[in-house]
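These are the residues of each chain, in order.
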Amino acid sequence: MTLLVVCLYLPNTIDFNLNDPSLVEQKIGTPVLSQTPSLSTTYDLPSQAPSAGTSSVSTLTTSGTLTNGPLPNFIQSLASRVTSAHNTPPPSPPLTTEIEEFFFKTGSGTSSSSHLPNLVSSTLADINSSSNTASTPSALEFENNFRSEYARSMKKIAETRPNTASPSNIGTAFRDGSEPLSGSPDSMLSSTSQSRLSGGNRPPLTMVTHPRSRANSPPPAKSLVDERRQSIPNVPSLRMAPKRPKNINVVSPSEAASVFSRAPWTVVKFSKGNGGLRNAIARAQAEGTVQDVKWIGTLGMPTDALELSTKAVIENILKKDHNNIPVFAGDSTIEGHYTHYCKDILWPTFHYQIPDNPKSKAYEDHSWVHYHALNKAFADTVIKNYKPGDIIWVHDYHLLLVPGMVREKLPEAKIGFFLHIAFPSSEVYRCLPARKTLLEGMLGADVVGFQTREYARHFRQTCEVVLGLHSSGNYINYKGRRLSVVDISIGIDPPSLQLAAENADVKQWRTMLRERWPDMKLIVGRDKLDQFRGVRNKMLGYERFLKFHPEWKEKVIFIQVCLTNIACQDLESDVSDIVTRINSSNSHVGSEPPVVFLHQDISFEQYLALLFEADAFVVTSLREGMNLTCHEYIFCQEQSSKGPLILSEFTGSASVLGDKCLLVNPWDKVEVADAFYKALTMPLEERKERCDALYSEVMTNTCAHWVKLFLRELDAVCDKRYSN
């Protein structure tokens, strides 16, 4: 018997080493001085190419080979300065005899300019053909003319060949012809052998470093407000370091697949995903509750660029060595599923944001197609890897349709489903356009689990309101099956947490915190910065506490850690304003700020140190499934100062921990402020009594206990079904 754990992300993913030297190809189309004659030298960026020189100019062909040839010293210096990153002035002007000799050879067709790239050759040709003087130009005149004509040539190429910067022809993006740069000398001389210096006195051309005036020319036909960001689009500036064109990263799928097929990769632990679930399964395996476990999920990375052969190798390695079965779906499907439907529709609705809320996107159901497609891909993978007797355990709101899809193909399979987040009342849930389909998907399981009794009751009521199903106790009859709806709260893994707490870094951070604030009370909070975590409510309550108890301004520090969330910029600004307002109320410049607001995550060692050294911990979520952070705080405080826990009554943890913590309504800032004061002034005996009761609850309802209870319920329901 194998337990198939089905969740959005696998515990492991793939790390491609795209910095491997064997993958880097030289893609520079402008001439640079070569410091070494090695043909194997490669560079990732133009600015990494050697720019100080020796005796040759090196240019890359499309295939990556170098074309070297002897050139006059003054041409080497000029070409390197015009196209290099520094654009430095010449150390000394070239000799007139050198210029005369070079132009004489150019005119006679025997010049070593055959070794120049086509662009430089054509630039010299333009200088020759545009000059009206029979005399050899001076050094300054020659350089000015060279710079000007070089710029014009590159601008002409950019206008006539706008798409040459694609990855397949980066090496040719700055050439003026289609022949390879390593072609025959005769073909490379074709643009210069017919040019000679002509008579007349022509003033030197001005060096082009800015856009030409359009005062005497009509505006572009496509737009009167066309952007003019630089004089020579998609080419290196004359005074700045060469830059890649803006569309340099646009690659075709076949080219990307080629890179990934050759890139070395390793299997690594995936940092995202449901860490509590992974800890629970690992502890259940260690205690013998389950034996053989296989995970089914996505890699958590884009996979469209991978070749089928690469995907097959990855799948075989993950299956064989890590018991991970990857689900490969299109990148757009995963993006539409998670970012749009899960986060923009399901997450807000399940946290009681009804669709008539101005920020709700519940009616934007275009992403439903992606949600259904990814659930179908998961179901197909489960069916493909299922063997009779296996247990299928599907997790969370990302995969609500999977149990029903699997049930259609495997009617006798043992299927469980657990929702880790909140489940709303029927009055909120029934506003979802796909309400029936989602419920029917969940009802494909034999056991449907929730974090609290309240959420389980909401589900049974919703099935009655939306589908007309009647429940008897904890059971619902659906399509000839009797399924169970249970509330089993997940917990933490105390043994692994104790092991982490003994880390030397944790002890060092604990010492640092107490040395930093030796005589201060520390209040700690750690939340994601989204609209349902109640960070703003927490700060308003703390502000009110300091307003009515100003004597605590010099005695308490509130350390609030917030994980970054780019989708809540308005909330971030609002919270920052409240924090600034609190800290600006200091009595003098030397006092400590009452709030330390860290808008970033911290290391796990720092996090544990804060839990150990905190005198109080605050959770004011407006709605949450199960907050395991406060469970970890209770575990740490049993070995520390036994500080109180301020907890929102709208979290799933409140139903587990009960009134031994300081329960608050996060919308009532007066009640939150009073809880701050009570936590800081609570006598030691009361703190010990509360902490001991909470610690007993946390140590009983562990993650391993959660796995055992759920699988026991699943076995009981399926045994009754088979006996009937």
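Our subject is the structure that appears above.
In this text the structure is predicted, and so the values were computed from the model without any measurement.

**Q** Break down the pattern of salt bridges for me, citing the residues and quoting the values.
**A** Enumeration according to the criterion identifies 21 salt bridges in this entry. As a salt-bridge pair, Arg 526 and Asp 601 come within 3.3 Å of each other at their nearest N and O atoms. On the criterion of sequence distance, the pair formed by Arg 526 in strand 15 (residues 521-528) and Asp 601 in the loop between strand 17 (595-598) and helix 19 (604-613) is long-range, its members being 75 residues apart. A relative accessible area of 40% means that Asp 601 is categorised as partly exposed.

**Q** Any chance you could break down helix 8 (residues 308-322) for me, citing the residues and the numbers?
**A** Helix length check: helix 8, at 15 residues, gives a terminal C-alpha distance of 20 Å against a target of 21 Å (1.5 Å per residue), a fit within 8%. Of all the positions in helix 8, only Thr 310, Lys 311, Ile 314, Glu 315 and Leu 318 are classed as buried. End-on view of helix 8: buried residues confined to an arc of 135°, all on one side of the axis. Of the residues in helix 8, the exposed ones pointing more than 90 degrees away from the buried face are Leu 308, Asn 316 and Lys 320. Looking one or two residues past helix 8, Asn 323 carries a phi angle of roughly 55°, positive in sign.

**Q** Now, about the sheet that holds strand 12 (residues 471-472): what can you tell me, with residues and values included?
**A** What the nine strands build is an open sheet, ordered 8-7-1-9-10-11-14-13-12; its pairing is mixed. Edge positions in the sheet fall to strand 8 (324-326) and strand 12, since each has one partner strand and no second. Bridge count between strand 10 (residues 414-418) and strand 11 (residues 447-450): three bridges; the pairing is parallel. Note that in strand 11 the partner of Gly 416 across the bridge is Val 447.

**Q** Before we move on, can you summarise the environment of Val 406 with the specific residues and values?
**A** Counting through the fold element by element, Val 406 comes out in helix 11 (residues 402-409). Residues Val 406 and Val 382, 24 residues apart in the sequence, show an inter-C-alpha distance of 7.4 Å. Sequence-distant contacts of Val 406, that is, excluding residues within four places in its chain, are made with Ala 379, Val 382, Ile 383, Ile 392 and Ile 415.

**Q** Could you give an account of the packing of aromatic side chains, naming the residues involved and the relevant values?
**A** Overall, the coordinates contain 25 aromatic pairs when judged by the stated rule. Summarising the aromatic geometry, the rings of Phe 545 and Phe 676 are spaced 6.0 Å apart at their centres and angled 25° between planes, so their arrangement reads as stacked. With Phe 545 in helix 17 (residues 535-548) and Phe 676 in helix 22 (residues 669-681), this pair connects stretches of sequence that are 131 residues apart. Exposure remark for Phe 545: the relative accessible area of 0% places this residue in the buried category. Pairwise contacts between aromatic rings join Phe 350, Phe 423, Tyr 429, Phe 450 and Phe 459 into one cluster. In this arrangement the basic side chain of Arg 623 is found over the ring face of Tyr 352, its NZ or CZ atom lying 3.7 Å from the centre.

**Q** Explain helix 18 (residues 569-583) residue by residue, including any values.
**A** Compared with an ideal rise of 1.5 Å per residue, which puts 15 residues at 21 Å, helix 18 spans 21 Å between its outermost C-alpha atoms and is within 8% of the ideal. Those residues of helix 18 not exposed but buried are Leu 571, Val 575, Ile 578, Val 579 and Ile 582. Viewed end-on, helix 18 has its buried residues packed into an arc of 100°, placing them on one side of the element. Away from the buried face of helix 18 by more than 90 degrees, exposed residues Gln 569, Asp 570 and Thr 580 are located.

**Q** Which residues make up the sheet that holds strand 17, and what values go with them?
**A** Taken together, six strands build an open sheet; the order of strands is 17-16-15-18-19-20 and the sheet is parallel. With partners counted over all chains shown, the strands left at the sheet margins are strand 17 and strand 20 (662-664), one partner each. With strand direction ignored, the average angle separating the axes of adjacent strands in the sheet is 20°.

**Q** Describe the environment of Glu 689, naming the residues involved and giving the relevant values.
**A** Checked against the element boundaries, Glu 689 lands in helix 23 (residues 684-700). Distance in space between the C-alpha atoms of Glu 689 and Lys 642 is 9.0 Å, their sequence separation being 47 residues.

**Q** Tell me about unusual backbone geometry, and name the residues and values.
**A** Despite not being glycine, Asn 323 has its phi angle at roughly 55°, a positive value. Its location among the elements puts Asn 323 in the loop between helix 8 and strand 8. Phi at Lys 642 is positive, roughly 55°, even though this residue is not glycine. Tracing the backbone shows Lys 642 in the loop between helix 20 (628-637) and strand 19 (645-648).

Cut-offs used in this document
Every chain is numbered on its own, with residues counted from 1 as its sequence reads. It should be noted that, the model being predicted, local features are given only for residues of pLDDT at least 70 and side-chain atom pairs only at 80 or more, the latter also being counted only at that level, while totals for whole chains, interfaces and linings use all residues. Side-chain numbers come from the whole structure's heavy atoms, not from hydrogens or water. Salt bridges are defined as contacts in which a side-chain nitrogen from Lys or Arg sits within 4 Å of a carboxyl oxygen from Asp or Glu. Secondary structure counts use DSSP, requiring at least four H or I residues in a row for a helix and at least two E residues in a row for a strand, with both numbered from the N terminus. Only protein chains enter the accessibility calculation, which uses a 1.4 Å probe. A residue is then buried if its area is under 20% of the maximum for its type, exposed if over 50%, and partly exposed in between. Take the residue count of a helix, subtract one, and multiply by 1.5 Å to get its expected span. Note that the arc is computed from the directions linking the helix axis to the C-beta atoms. Pairs of strands are assigned from DSSP output, requiring at least two bridges between the strands. Here, two residues are considered to be in contact whenever any of their heavy atoms come within 4.5 Å of each other. Stacked, tilted and edge-to-face are the three classes assigned to paired rings of Phe, Tyr and Trp, where Trp is represented by its six-membered ring and a pair needs centres within 6.5 Å; plane angles under 30 degrees give stacked, over 60 edge-to-face, the rest tilted. Whether a charge sits over a ring depends on NZ of Lys or CZ of Arg being within 6 Å of the ring centre and within 35 degrees of the ring normal. Helix axes are fitted to C-alpha atoms over the stretch in contact, other axes to C-alpha atoms as well, and angles between N-to-C directions run from 0 to 180 degrees.

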